[in-house]
Structure formats: structure tokens, C-alpha cells
Amino acid sequence: MLLIWNRPGFTEELTEQDRTALFGEVDEIMKELTETGELVDGQALANPAQTLTVRLVGGSTEVVDGPFMESKEQFAGYLTVDCDSPQRAAEIAALWPDVRFGGAMEVRPIMEQAGTEM
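Predicted model, so just to flag it, every value in this text is computed and none were measured.

Reading guide: rules and limits
Residues numbered from 1 in each chain as written. Predicted model: local features only at pLDDT ≥ 70, side-chain atom pairs only at ≥ 80, totals over all residues. Heavy atoms only, no water. 1 Å grid on protein atoms, 1.4 Å probe; cavity = no way out; pocket = protein on both sides within 12 Å on 5 of 7 lines; lining within 4 Å. Points joined across faces, edges and corners; volume = space filled by probe spheres on them. Helix = DSSP H or I, 4+ residues; strand = E, 2+ residues; numbered from the N terminus. Nonpolar A, V, L, I, M, F, W, Y, C, P; charged D, E, K, R; others polar. Buried < 20%, exposed > 50% of the residue type's maximum accessible area, 1.4 Å probe, protein only. Contact = heavy atoms within 4.5 Å. Arc of directions from axis to C-beta.

**What about the layout of surface pockets?**
Logical step 1: Of the volumes computed, that of the largest pocket is approximately 460 Å³.
Logical step 2: When contributions to the lining of the largest pocket are tallied by element, the ones reaching two or more residues are β1 (2-6), α1 (16-36), β2 (39-44) and β5 (74-81).
Logical step 3: The element that contributes the greatest number of residues to the lining of the largest pocket is β5, accounting for 5 residues.
Logical step 4: Taken together, the residues of the lining of the largest pocket break down into 15 nonpolar, 8 polar and 3 charged.

So this is what it looks like as C-alpha cells:
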């Protein structure tokens, strides 16, 4: 799984031309991954302001608004890819344009049902 992390609101800082180019790059990557059969799934996530966080506090479950993490980056979405190697997944992640704008891509294997990867 490729976890997409980026700076909140960074696309609003771009010119319309740069924003269009960025989304065009994403479209090209998605098209290539579809054509090679490597794309399994992927979604962008809504603004963190729409987030609910559930925690156990003092023995009780608490539901609060927002992701209470001090971070310069937010979890913005994911891609699930079926690749021959972790190196190939990292190659795909390196192409993702958010990385150039201060974001990051986390490449993490998905556990099999047996959970032996733990």
C-alpha cells in the first residue's frame, strides 16, 4: 500500500496551471498503473476537518472532532498496488507529484490474513 501524505492546502498555493499539471501527472500515473495491471485500488481522503478520532480515555471510549496530531503533513489518500517487489512500489511512490511539494509516500506491505508479517 502506498500511503499519501501531504501538506494541508498545498494545492491552493499553486497556480491554476501548476495545479492542472499536478493532477495531470496523477492521471498519467493512474493510467499507467491500470495498463500494467499493478493498480488494485486508490482513493483520496476528505479534508481532515471532517475527521472523527476515537480513543480510549480513562477506560471509556471518546469520540472527538479532528485528528489531534501536530503534524505538517496529513494522511491524504492511498493506492493499493500489486507489484513484483517493494522496490517497484517505491519507484511508483517516487513518481507521485505530492512528494515534490513537501509530501511523502509511505510504502507498506499489506498483511496477509495469517498475519505472519508481524
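Next comes the rest of the account.
**Quick look at the environment of G102**
Logical step 1: The topology assignment puts G102 in the loop between α2 (86-95) and β6 (104-107).
Logical step 2: Assessed through its relative accessible area of 39%, G102 is described here as partly exposed.
Logical step 3: It is 24 Å that separates the C-alpha atoms of G102 and K31, two residues lying 71 residues apart in sequence.
Logical step 4: Beyond its immediate stretch of four places on either side in the chain, G102 contacts R7 and E73.

**Here's the deal with α2**
Since there are 3.6 residues in each turn of an α-helix, residues three or four apart along the chain are aligned in direction.
Logical step 1: When α2 is considered as a whole, its buried residues turn out to be R88, A89, I92 and A93. Considered in projection along α2, the buried side chains sweep an arc of 145° and stay on one side of the axis. In α2, the exposed positions that point more than 90 degrees away from the buried face belong to Q87 and A94.
Logical step 2: Its buried side turned inward, α2 meets β1, α1, β5 and β6.

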